[in-house]
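In case you want the letters, here they are:
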Amino acid sequence: MEANCSSSSACPANSSEEERPVGLPAPGNLELVFSVVSVLMMGLLMFSLGCSVEIRKLWLHIKRPWGIAVGLLCQFGLMPLIAYLLATSFSLKPVQAIAVLIMGCCPGGTISNIFTFWVEGDMDLSISMTTCSTVAALGMMPLCLYLYTLSWNLEQNFTIPYQNIGISLLCLTVPVAFGVYVNYRWTKQSKIILKIGAIVGGVLLLAVTVAGLVLAKEYWNPDTTLLTISFIFPSIGYVAGFLLALLTHHSWPRCRTISLETGAQNIQMCITMLQLSFTAEQMVQMISFPLAYGLFQMVDGILIVAAYKMYKRRLKNKHRKRNPGGAEGCHNKKSTSPKEASAFLEVNEEVAVTPGSPEPMDSHMTLEPTGHISSCA
């Protein structure tokens, strides 16, 4: 749809050219294959992650949606506000500012579910938040865009990609529901599927991200300001989500989950909305931002996972130094069964004091409640 920017010479819609292409060129066979492979990969990935979801815990999140509510506040409260402040602070052109704002108004992406698994977050909450934010986007995306563009004096007609949102919901809920059923019927097999899917899915997602950047290289705009915003935006989202979860007294696993769900956005939905709402000439100035954002949110997520793994390994080493005879005792004792270990985790999760409580639980118990520690305590 054509953009009309009142009283702004910077907006391409006010340029003197009479004819412009209506949209981006039709995708070739390679792009079509890439899109199909991406959808299939995402479906298989969500199926494997669904194998970690328990119906009982999922129902508890639905009955007491405090975590989901905080996540939605981060998604459609903090992220659009951060996008607006970044766009105004860097004095972006109107079409570039709108691209940043659209990214901030998009729901959470499925990449957050992978990162949540690797940092041992709350997978039930993660998948619930991704699903709820995608549903809420049907109304919250146009509302946020309308409210924030009022102060810019723009007359912009946005096309909300309802079809794309529906496809995202379908690709999210159906595989997850099947994975939940597999976990309910065949618990041992679901654990194997989860481990394989998390590793393979992470590698494939990284490959798809790189391939997407290569395929879209002709649309890259070397604008250092946009690249700077795309670099700091996901980082601010991760930090802001974690701090809000911390202030609302959520447990550490939920803080990590809400943080990742906040910073990781649905890149494909943003690109689809830009393609439906703007001309090809305007897209040249905008498309590099969601591509760069997708790259940097992937890099930031990997760094968060690496930092968590290093921190956890450091805690384990400290525990071994404090209890030098504990390791030998563990080898002599019979290791706990998976059911006993999972029961131990559930008890610690429910009993653990939230981060804002005056009497925090011992960090070794909250961050590394493994079967060996419980059997040797």
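Residues numbered from 1 in each chain as written. Predicted model: local features only at pLDDT ≥ 70, side-chain atom pairs only at ≥ 80, totals over all residues. Heavy atoms only, no water.

## Considerations on the packing of aromatic side chains
Taken as a whole, this structure holds eight aromatic pairs when the rule is applied. Ring centres of Tyr-84 and Tyr-148 lie 5.4 Å apart, and the angle between their planes is 40 degrees; on these two criteria the pair is classed as tilted. Of this pair, Tyr-84 sits in helix 3 (residues 66-89) while Tyr-148 sits in helix 6 (residues 123-149), and the two are 64 residues apart along the sequence. Its relative accessible area of 19% is what places Tyr-148 among the buried residues. Centroid distance Tyr-181 to Trp-186: 6.1 Å. Interplanar angle 85 degrees. Geometry classified as edge-to-face. Among the residues examined, Trp-186 registers a relative accessible area of 40% and is labelled partly exposed. By the ring-pair criterion, three or more aromatic residues cluster together here, those being Phe-233, Phe-289 and Tyr-293. The positively charged end of Arg-185 is found above the aromatic ring belonging to Trp-186, 5.3 Å away from the centroid. (Phe/Tyr/Trp six-rings, centres within 6.5 Å; stacked < 30°, edge-to-face > 60°. Helix = DSSP H or I, 4+ residues; strand = E, 2+ residues; numbered from the N terminus. Buried < 20%, exposed > 50% of the residue type's maximum accessible area, 1.4 Å probe, protein only. Lys NZ or Arg CZ within 6 Å of the ring centre and 35° of its normal.)

## Here we look at unusual backbone geometry
Keep in mind that most residues, glycine aside, have a negative phi and that most peptide bonds are trans. Backbone geometry places Ser-91, a non-glycine residue, at a positive phi of 50 degrees. Tracing the sequence through the fold places Ser-91 in the loop between helix 3 and helix 4 (94-105). With phi around 60 degrees, His-249 is a residue other than glycine that occupies positive phi space. Within the fold, His-249 resides in the loop between helix 9 (224-247) and helix 10 (252-263). Taking relative accessible area as the criterion, His-249 reaches 45% and is therefore assigned partly exposed.

## Thoughts on helix 5 (residues 111-118)
By the criterion of burial, helix 5 is predominantly enclosed, with six of the eight residues buried. Of all the residues in helix 5, the buried ones are Ile-111, Ser-112, Asn-113, Ile-114, Phe-115 and Thr-116. Downstream of helix 5 by one or two residues, Glu-120 has phi in the positive range, about 60 degrees.

## Some thoughts on the confidence of the model for the chain
This prediction gives the chain a mean pLDDT of 75; 70% of its residues lie at or above 70. When pLDDT is averaged over each helix and strand of the chain, the minimum, 39, is found for helix 16 (residues 363-367) and the maximum, 94, for helix 10. Across residues 1-27, where pLDDT falls below 50, the model places 51 contacts with residues more than four positions away in sequence or in other chains. (pLDDT = per-residue confidence, 0-100. Contact = heavy atoms within 4.5 Å.)

## A word on a nonpolar patch on the surface
Residues Ile-192, Ile-196, Ile-199, Val-200, Val-203 and Leu-204 make up a contiguous nonpolar surface patch of roughly 540 Å² in combined accessible area. Judged by its relative accessible area of 49%, Ile-199 is partly exposed. (Patch = residues over 30% accessible without salt bridge, like charges linked within 9 Å, V, L, I, M, F, W, Y side chains within 5 Å. Areas by Shrake-Rupley, 256 points an atom, 1.4 Å probe, with all protein chains shown as cover. Salt bridge = Lys/Arg side-chain N within 4 Å of Asp/Glu carboxyl O.)

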